[in-house]
Structures are given as structure tokens and as C-alpha cells.
Amino acid sequence: MTDAVLTPRAAPRRFRVGEWLVDADQNLLSRDGEQRSVRHQAMALLLLLAEQPGQLVSREEIEQRIWDGNAFVAPKGMTNALWALRQALGDDPEQPRYVQTVAKKGYRLVAEVVDEAATEGLPRQEGVQAQQRPGGGAPPVGELPPAPGAPTRSLWRPHGLWAACVALVMLALLLAWPWLNQREAAEEAPPRAASSSAPVTAAPLQNLQVLRSLTQLPGHEYLGAISPDGQWLAYAHWQWRGAAELFLRPAAALQEPAQSVSMDGRELLSLAWSPDGRRLAIASALGNRDCRVDLLAFATRERRELAECTIDEIGAGLAWSPNGRELAYLGRHQGRRAVLAKDPDSPSMARVLFEPGAGESPRFLVWHDGGQHLSYTLLAQGATHVEQLRLADGQRRRLNAQPLADLQGLAQGPDGDWLVAQRAQEGAQLARLHAADGSVHPLGVPGRRPVAAGAGRWLVVHGVSHSSLAAVSMDGRSTPLKPVLSLAQSLSSPDWHAARQRLVAVTLRGNVPGLVLQEGDAPPRELLNLPGLAADPQWSPDGRRIAYRGQCKPGTERGLCVFSLEEGSVLELSGRSLGYGPPVWSGDGRAVWAASARGGDWQVWRFALDGQASALTSEGILPRARLAIVGEQVVVPSRDGEQLLALDAVSGATRQRWPTNPVAGEHLLDYRPWRDGLLLLQRGAHERFETLDLRTGARQELARYPAGSFDESARFTSDEAQRRVIATKLDVANSDLVLVGF
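Scoring rules and cut-offs
Residues numbered from 1 in each chain as written. Predicted model: local features only at pLDDT ≥ 70, side-chain atom pairs only at ≥ 80, totals over all residues. Heavy atoms only, no water. Helix = DSSP H or I, 4+ residues; strand = E, 2+ residues; numbered from the N terminus. Contact = heavy atoms within 4.5 Å. Areas by Shrake-Rupley, 256 points an atom, 1.4 Å probe, with all protein chains shown as cover. Core = buried A, V, L, I, M, F, W, Y, C linked by side-chain atoms within 4.5 Å. Buried < 20%, exposed > 50% of the residue type's maximum accessible area, 1.4 Å probe, protein only. pLDDT = per-residue confidence, 0-100. Disulfide = S-S within 2.5 Å. Polar contact = N/O pair within 3.5 Å; in protein donor to acceptor, adjacent residues only side chain to side chain. Pairing = 2+ DSSP bridges. Axes fitted to C-alpha atoms, helices over the stretch in contact; angles between N-to-C directions. Parallel < 35°, antiparallel > 145°, perpendicular 65-115°, else oblique. Left-handed = near helix turned anticlockwise from the far one by under 90°. Nonpolar A, V, L, I, M, F, W, Y, C, P; charged D, E, K, R; others polar.

Enquirer: For this particular structure, what's the right way to read the overall build of the protein?
Expert: Looking only at helices and strands, the protein has four helices and 57 strands in total. Across the protein, contacts joining residues at least 24 apart in sequence account for 49% of those joining residues at least 6 apart. When the accessible area of the protein is evaluated, it comes to approximately 29400 Å², of which 48% is carbon and sulfur surface.

Right under this line is the structure:
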């Protein structure tokens, strides 16, 4: 067969670009048996460039064709789409083999484009066929066909060829394919979805596929839950300011306007429909405090409080019993964490299903087998497992044969097997846990927080985002963000040591979080890998050690740790409690301060390197709060999060207090010492940096950026010498809900 070279304006639906076979209808790239998914805007950009291979396509034409001339949205959208396309193609912008940038003008597709529409190519993903229901009406989710022409994001409207493309490829999960083309390893192998110790088959199971998108809105949609009859979708939607909102919308109608449910500014943690679909259980909190479970009556939209719950770094678990008579949740019994069950229609106390042992932390809950068993994910002794509780006698049984990477969700799949979402190279990957032998098999679909719907046949999953590190000038002029460090994996929680010109941050290496170091202009290098959480690293004053919270050694509980850069050793400061806030060093480098609940209530603790630990007696503080040491004062949020307290570092007495959010509608994201006071990052209508003078209480704004410029946690580190900060910049600003099935 003779290859047919494309002429301008004739891009087919299936063609070859370089070594990749492109299937626009499925939003997929294929090469030597490997498949990579592409978001719809990145695919639309590739199709537009493929219409004129080798020719310059101006930014103005791209803006007009893909973003309908929206000059406000297009620049950032174009950057995101180009970045995602290059990641999928494995293209290096400095030595491009596919897409060449022509500065200030546009882009050119430099790889050969060949029409292969008539050749064998990618395997098609077939959605289920539409079926008529008795009496008419919308089919349940288990019977939904792929959405026939669902809209794109509300900020742009493609037309012509692009409308057909977008309508067919709204697979928003496809942001999270393996990100493989680091400059130092352009042909790195795809990441494993399971931990290195868990059995993995030679080839992933091929019986899970993405069926259709459920949401495509600007921002982040998560916590998706479909009502038992398949008619309604409940989800959280965060648009870069304040707390996420709760929405309800017909599941089969992507174009239908969603109905907002007021949550009074509370952060959404978990959603669960009752078996009859009449009520929605909602776990929410105010920051890291006041966790509670509410019941929303679907017919009237009335909400009432049911119980108090507990929260950790992941969220709070909820699960209805199959008969709808009890709701299982994570709470407290006699001051200790426990998995409880409460009758929502009775004033009686909740009953205890089980109390975790020391160092155990259950998370995601699933009630099954007609109410005979409750399964859950469990963090224990530094490893993560899936366990099953037999409610008749309280017997617990471990389901996985080997420890798993940190789990981001649990749902029961067909044939009694389990679907788990494990930490992977970029976010999380779905894997199948076989109930028979405890083996784990990656399914090749990225996502987290899976929720079973349609009798265990479908899952609602949301995608992930990508963040890098950028410098933000504190010159009062809101100058453009300057890239500092970007890897294939997301980066977070940076800390900068100015004297030694060292930057440390958290990233995913392999399947677990680790620490990465960059010194001067040298390439970044991995410092250590931990089989669990590694969060909030901070340099010691001399720049030779790093304090962080996570696992100090394999198989240990999470605690506070100190890593010596010169010796390569890890010192455990405290590992007897699961509750710690980000660490901060004392000025002399002899101790680490952190918020901790090891004494019961959350207090400020001082952990000396010689092993001595002492609490600073003070009024209550916010759980897992960040501390700032300014002179002889420790600054920390109050228990209700409404004030910043300046505590005496010796006596614990409160010297001063200031409102956390003096501007209505703003939320304090992070703060660090700055000159004689603090530098704060606030999120509201904008994201802005301001100083707080601890002597006078005066505030001064130094920089302001659009909402969504920084990631959800928005951690930053200050560099006073250069009047700048280094913050986690949000590169890809959307995550969506999708429907997947076997």
C-alpha cells in the first residue's frame, strides 16, 4: 500500500505523525503496542497543526479556531495544551521532533504526517449501546451510551471539524498518561501502577475502558457519586477560590445546568448516596477541624447534621449499609479513633464496628456482601493494605498479598474483585486486586477515588493535575511567574536555602513520594525514596539537613524525620503519632518545632535532636497547622482558624493575635517569616501575597495573580535576599469526572 502524504486542510481522523499513530475519535496515540491518552484541547491542537504540516500556524489562528477568539482564556489554554501534547508525544521543546515553537508567532508540526485511515491501527474503545427503558425516560448510568455531542468547557466553543472532534473525545481523565520524557531519560519505561513488592502480571488486563466524560468544567471536579438509579450525579467543583461547591446534575445530560447546594464554605471530604437514592451523606470540614457528617434530603434539598467525624490527609470515609439502615464513617469513641455506624433515623448513639490498633489508620470504606462485611484501606506500620471486617464476629482479614503503594481509593468491582487507586508516577493509577489470591494487576487507567455505580460495573474517577515550581517577585508589580523547576512528575512543598543555593521539594519517584534536590544550575537529583508519605521538607539553618514529616524508615509509622545530606542517614524525631503539622527549625538548628496531637490535644511541640520532646502549653491551635518562628515568637492559627496567634516561645502565652482573613471571601493558604513579620498567600477573587508586620499589624500587598495561578495547596518558600518566593505553580488547571467500565 502506498502512503498518502497529507495536503493542507485535510487532516483525517486517523493518521500517523512521526512514530505515533493518532486516533482522534478515541483521543489516543499508539506506538509499538503502547497507548497514550491525550486531552481534547491537546488533540484539537494536534489536528489543527496536522492540517498544515511543516507550515507555521499562528497563535492568532489557533486562538480563533480552538478558543473561538477568546483572548483572555486562549494564552494559558494554549500553553497547557502544547505542554500536554509534547508530554504525550515525548517531544523536547529545545530539540523538537514534532512541534516547533516560533517565538511570538506560532507553532509548526515538523514531523511527517501520513494518512493511515484505511490501515489497521488502534483498538477501538466501544461504549455500551443505548437501551430503551420501560416507560421511557433517561437510561441509568449502566446503560448510558457515549455522550453524543456533549459540550466542551464553557470558556471556548470549537466549530466545524473541531466540534466533531471534541464531541467524541471528552475523556477528561486522559490528562494523566505516563509522563515519560524527562531530559535525562527520554525513553524511560512506563511507571508501574502497583508497588514494587506487589505481584504484577506481564501485561495489564485489558478489560477496563473509559466510556465517557461526566463533567468538563473549568477547575477541578472530584468526589463524583452516581445515585443508585443512575439518574443523578453529585460532585464537588472547585474553581480556585474558597471552598469547593457541591453540585447535583442529571447524570446523562452533560449540557444540563447543575444545581448548587450550599455548604456554608465547608470543605467537602466525601459523598455517599443512600441505597434508595433519597439522601446524600456528606462529610465536610472547616480546614482541618470541625469534621462532620450531614444528610441531604434529595427531594427538599434540606441538610441536617448527623454526626462528628475524623479527618486525615486523604479525607473522611463514608459508606451506607446495603439496607440503608446504617451509615459507616470514621469518628471517635471514648476519645479514640474508630469506625462507627449510625442509624440516620434514630437518636441513639453510634455503634462501634471496630477500633483500629496503635499506628493504624482506616480510610476508604465499602460495605458489601449484603451487609455481612465492611472492607477498607488501612495504613499500618508504614504500609497500606486492604482489609475485610466480618461484622458478625469482628474478625479482620487482609486481602492483599503484599503491601501496596499509598491508596487513593477503593471500590468493589465485578466478580468480587476490588478496584484500588494507587500512587503512581503522576497522581494515581487504577489496579485490580484479586480477592482469590491477593495479587494486584494494573489496569492502565489513571485516576483516583473510584466509586462503584450500576451494580459494581462502572466507576466514577477523576483525573489529576500537574504543578511545577516558579519564582514570584515581591516587587509590588505582579510580574510574570518565572519557571524554576519542572519535571515530568508534579512538584510540591518547596523549601529554599539561599546561602547554599539549594532547593528541595516533594515529587513522586516510582510509585511513592520522595524528595528531589536542585543545587544551582545542576540537574535535579533524587535524595531518597520512602514507602509512604514524604511531605513539607525544610532546610536546617546550616543547609545540611532536611526535616520532613513522613516515614523515617521502611516499615515504620509516619512521624517527624531529619535527613542528613552529607551522611545520607535518617533520624526519627518522633514516630508515635499519626498527627503532625509541617516542621520548622529552631534558629540554632538544635530542634524542630511542629504542631502535634501526640499528647491528645493539638499543641505546639519542640523536638530536640537529642531525643527530648516538650509541649508548649498554650490555647488550642488548628490541627496540622503550619508554624512560623519569628524571633522569640511562634506564630500559629487558632483552633477555629479565624486568627493568627503569636505565642511566647518559652511560656506559650499569647502575645498578639490578628485576623487570618481580613478581606471577606479570602482564605489563607500559606505563610512564612518575612523580615520582621510574615508573608502570607491569600486566595479569594485573586491570589495575592501580602506582608503582616507583627509589631503594628499593618498589611501591605506585594503581588496579585489570577485565581488558579497556584495549585490547591499553594505551598511556597521565601527568598528575602532576592525579594522573591518560590511557589507551586498550577500548569494544568483542570481535572474532571469520567465513567469507566468493564
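Enquirer: What exactly am I supposed to notice about the nonpolar core here?
Expert: Generally speaking, soluble globular proteins have nonpolar side chains that are buried together. Within the largest apolar cluster, 34 residues are counted, with the highest numbers of intra-cluster contacts made by V17, I62 and V99. Dropping the residues within four chain positions of it, V17 is found in contact with V22, Y98, L109, A111, E112 and V113.

Enquirer: Hey, could you run me through the confidence of the model for the protein in this one?
Expert: Note: predicted coordinates in regions of low pLDDT should not be interpreted at a detailed level. Across the protein, the average pLDDT comes to 77, with 78% of residues at or above 70. Taken element by element, the protein is modelled with least confidence in helix α4 (residues 161–168), mean pLDDT 33, and with most confidence in strand β43 (residues 584–585), mean pLDDT 96. Of the regions scoring below 50 in pLDDT, residues 118–206 engages in 234 contacts with residues more than four places distant in sequence or in other chains.

Enquirer: So what exactly am I meant to see when it comes to the state of the cysteines here?
Expert: One covalent bond between the sulfur atoms of two cysteine residues makes up a disulfide. For the structure shown, the criterion picks out two disulfides. One disulfide in the model links C291 with C309; its S-S distance is 1.9 Å. Sign of the S-S torsion, about -95° for the bond between C291 and C309, identifies this disulfide as left-handed. One end of the pair, C291, is in strand β17 (residues 289–297); the other, C309, is in the loop between β18 (303–308) and β19 (318–320), and 18 residues separate them in sequence. Both residues of the pair, C291 and C309, belong to the buried class. Sequence-ordered numbering of the bonded cysteines in the protein gives a pairing of 1-2, 3-4.

Enquirer: Just checking my understanding: could you explain the environment of Q682 for this structure?
Expert: Along the chain, Q682 falls in strand β52 (residues 677–683). Spatially, the C-alpha atoms of Q682 and R704 are 9.5 Å apart, while their sequence positions differ by 22 residues. Apart from residues lying up to four places away in sequence, Q682 is in contact with T660, N661, P662, E666, H667, L668, E687, R688, E690 and R699. Looking at Q682, its side chain comes within polar contact range of the main-chain nitrogen of L668, at 3.4 Å.

Enquirer: I tried to follow the sheet that holds strand β11 (residues 220–226) on my own but got confused; where do I start?
Expert: Note on sheets: strands pair through backbone hydrogen bonds, and any given pair is parallel or antiparallel. One open sheet accounts for four strands, arranged β11-β12-β13-β14; its pairing is antiparallel. Of all strands in the sheet, those with a lone pairing partner are β11 and β14 (259–261), marking the two edges. Sheet twist, expressed as the mean angle between neighbouring strand axes with direction ignored, is 30°. For strand β12 (residues 232–238) and strand β13 (residues 245–250), the ladder comprises six bridges, and the chain directions are antiparallel. By the bridge assignment, L233 is partnered in β13 with R249.

Enquirer: Can you help me understand helix α1 (residues 40–50) in this one?
Expert: Given 3.6 residues per helical turn, the α-helix brings residues three or four places apart onto the same face. Here α1 lies mainly inside the structure; eleven of its eleven residues are buried. Here α1 has its buried residues at H40, Q41, A42, M43, A44, L45, L46, L47, L48, L49 and A50.

Enquirer: Explain the sheet that holds strand β7 (residues 99–102) to me, please; I cannot follow it from the model alone.
Expert: With respect to topology, three strands assemble into an open sheet ordered β6-β8-β7, the strand pairing being antiparallel. The two strands at the open ends of the sheet, each matched to only one other strand, are β6 (56–58) and β7. Strand-to-strand, the axes of this sheet are offset by a mean angle of 30°, without reference to chain direction. Bridging between β7 and strand β8 (residues 106–109) involves four bridges; their strand directions are antiparallel. Each bridged residue has a counterpart across the sheet, and for V102 the counterpart in β8 is G106. Sitting on the sheet, α1 is in contact with β6, β7 and β8, with an inclination near 70° to β8. Sheet strands in contact with helix α3 (residues 74–89) are β7 and β8, and its direction is about 145° off that of β7.

Enquirer: Explanation requested: the packing of α1 against helix α2 (residues 59–67) in the structure shown.
Expert: A packed helix pair is summarised by two numbers, namely the angle formed by the two axes and the spacing between the axes. α2 packs onto α1 with a crossing angle of 125° between their chain directions and a minimal axis gap of 11 Å. Here α1 lies oblique to α2, going by the angle between them. The two elements α1 and α2 meet at a crossing, and its hand is right-handed. Taking contact as the criterion, the partners of Q41, A44, L45 and L48 in α1 are, on α2, E61, I62, R65, I66 and W67. Its residues assigned to classes, the contact of α1 with α2 comprises six nonpolar, one polar and two charged.

Enquirer: Could you clarify how one ought to interpret the pairing of strand β53 (residues 686–693) in this entry?
Expert: Regular strands show a simple pattern: their side chains alternate between the two faces of the sheet. Within β53, six of the eight residues are buried, leaving the element largely enclosed by the surrounding structure. Bridging between β52 and β53 involves seven bridges; their strand directions are antiparallel. Directly across from G677, in β53, lies its bridge partner D693. Following β52, the chain reverses through two residues before pairing antiparallel with β53. Counting the residues in the hairpin turn of β53 and strand β54 (residues 699–706) gives five residues, including G697, whose phi is positive at 80°.

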